[in-house]
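Survey of secondary and tertiary structure
Chain residues, written in single-letter form:
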Amino acid sequence: MRAAYLTGHGGNEVVCIGERPRPVRQDGEVLVRLHAATVNRVDLYMRDSGAGITHTLPLIMGLDGAGIVAELDEEEERALRPGQRVVLHPGITCGRCEFCRRGDDVLCTAMQLLGEHRDGTFAEYVSVPARNVFPLPEGWDDAEAAALGVNHLTAWRMLFTQARLRAHETVLVFGIGGGVSLAALQLAKAAGARVIVTSRDAAKLERALALGADEAVNGSTQDIAKTVLALTGGRGVDVVIENVGAAVWGAALKSLVRGGRLVTCGATSGDQPGADLRRMFIRQLKVFGSTLGTLAEFADLLAFCGRTGVRPMIDSSHALERVTQALDRLESGQQFGKVVVAIGQ
Ligand SMILES: [Zn+2]
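Residues numbered from 1 in each chain as written. Predicted model: local features only at pLDDT ≥ 70, side-chain atom pairs only at ≥ 80, totals over all residues. Heavy atoms only, no water.

Let's talk about the coordination of the zinc ion
Surrounding the zinc ion are the protein donor atoms Cys94 (SG), Cys97 (SG), Cys100 (SG) and Cys108 (SG), which sit 2.3 to 2.4 Å from the metal. With four donor atoms in place around the zinc ion and angles of 103 to 118° between them, the coordination shape is tetrahedral. Donor residues binding the zinc ion come from one chain and are separated in sequence as C-x2-C-x2-C-x7-C. Of the residues examined, Cys94 reaches a relative accessible area of 23% and is grouped as partly exposed. Residue Cys97 is classed as buried on the basis of its relative accessible area, which comes to 11%. (Donors = N, O, S within 2.8 Å, 3.2 Å for Na, K, Ca; no water. Tetrahedral: all angles 85-135°; square planar, octahedral: opposite > 155°, others 65-115°. Buried < 20%, exposed > 50% of the residue type's maximum accessible area, 1.4 Å probe, protein only.)

Structural notes on unusual backbone geometry
Glycine aside, residues mostly have negative phi angles, and peptide bonds mostly take the trans form. With an omega of -5°, the peptide bond running from Leu57 to Pro58 counts as cis. In this fold, Pro58 is placed in the loop between α1 (41-48) and β4 (59-60). The backbone phi angle of Asp276 is positive, close to 55°, even though this residue is not glycine. Within the element layout of this structure, Asp276 appears in the loop between β15 (256-264) and α8 (277-282). Of note, the phi angle at Leu292 is positive, near 50°, even though the residue is not glycine. Residue placement: Leu292 occurs in the loop between β16 (286-289) and α9 (295-308). Owing to a relative accessible area of 7%, Leu292 belongs among the buried residues under this scheme. (Helix = DSSP H or I, 4+ residues; strand = E, 2+ residues; numbered from the N terminus.)

A look at the sheet that holds strand β12 (residues 194-199)
Spatial strand order, β13-β12-β11-β14-β15-β16: six strands in an open sheet with parallel pairing. Looking at the sheet topology across the chains shown, the edges are occupied by β13 (215-218) and β16. Sheet twist, expressed as the mean angle between neighbouring strand axes with direction ignored, is 20°. Sheet topology places β12 next to β13; four bridges connect them, and they run parallel. In the sheet register, Val197 faces β13, and the bridge partner there is Ala216. Packed on one face of the sheet, helix α6 (residues 224-231) meets β11 (170-173), β12, β13 and β14 (237-242) and runs near 160° to β13. (Pairing = 2+ DSSP bridges. Axes fitted to C-alpha atoms, helices over the stretch in contact; angles between N-to-C directions. Contact = heavy atoms within 4.5 Å.)

Considerations on the nonpolar core
Phe122, Leu159, Val171, Leu187, Val197 and Ile241 are the most contacted members of the largest nonpolar core, which has 90 residues in total. Counting residues per element, this core draws most heavily on helix α3 (residues 142-162), at eleven residues. Not counting chain neighbours up to four residues away, the residues in contact with Val197 comprise Val173, Ile176, Leu185, Leu205, Ala208, Ala213, Glu215, Ala216 and Val217. Within the second largest apolar cluster, 16 residues are counted, among which are Val217, Ile224, Val244 and Leu285. (Core = buried A, V, L, I, M, F, W, Y, C linked by side-chain atoms within 4.5 Å.)

Regarding α1
Buried within α1 are the following residues: Val42, Asp43, Leu44, Met46 and Arg47. Where α1 is buried, its residues contact β1 (2-6), β2 (15-19), β3 (29-38), β4 and α10 (323-332). Of the residues one or two after α1, Gly50 is the one with positive phi, at around 70°.

Some points on the pattern of salt bridges
In total, this model carries 20 salt bridges according to the counting rule given. For Glu29, the salt bridge is made with Arg118, and the minimal N-O distance between the two is 3.7 Å. In this pair, Glu29 sits in strand β3 while Arg118 sits in the loop between β8 (112-113) and β9 (125-129), placing the two residues 89 residues apart along the sequence. Where Lys189 meets Asp214, a salt bridge forms, and the shortest distance between an N and an O atom there is 2.8 Å. Here the residue Lys189 occupies a position in helix α4 (residues 179-190), and Asp214 occupies one in the loop between α5 (202-210) and β13, the gap between them amounting to 25 residues. Asp214 sits in the partly exposed class, given a relative accessible area of 33%. (Salt bridge = Lys/Arg side-chain N within 4 Å of Asp/Glu carboxyl O.)

Here you go:
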């Protein structure tokens, strides 16, 4: 089968596009014929280093994906059937550890992620446990569906599980344009919240306003915390959704109302900001770390998007044979929405 796989680490030269053996489906697994996947920051990390992530080379890249069921156990046909359109949850868990047993499977101590610990989705086929395969709601195209599996799932857990966002609240989303930030904007708006977005790029702010953001703050020309306080009558926001890291951490804490909640899922500008502990305890701020989401949260996300019509934004689509173009596009930081890898049918 055709696949994009890593033969080493360090730049696009280690990304090969060629033939790999089709995965052999194990009992309890579903073999999926993939039609689309998207690129995520971790694909760049795996390409460039992969340090700290147990894996063997060659490794097929790609975390998220959508396609059709190619092969499955007979008893699985109560839930899925051959030819059915499906979307994947990218985290394969043990089902036995303390965290899996209490239903917080995203904390699994033996979690294997597609494209990191095992072969991923930039390929014609992938075989994953049946519980990771979800029927696609009606009317979705493959690229939109694939785009849900990492960024929207991450944003869902941040907003609704960690921050417990309520409809009358105000959310501040940093770095609009990135996948998680756009997902947070869409999901928070669909849930009824007021959303303020930030970016250093005026064009991205314009597009976010067109998508429904209530207010936009330009981080290159405005003081973010002061502007957010002005926009909220001096009060501050209830929830901050943040994955920029050190460059905005101080502004993020200063933008929160007393008792406000900050959720972080990334640190692209650095992971060691000043903690501002006095502000945290005096104003009783809550800080949550979050990454990806559980199988149950993915089911909730799919139902929510089916009901509300939320669809991921697609920046651009690139054929599997030109996957390095897709990686470059993500690395440029110029994208607005998800960069798709289209897998020939
Ligand atoms: Zn586990």
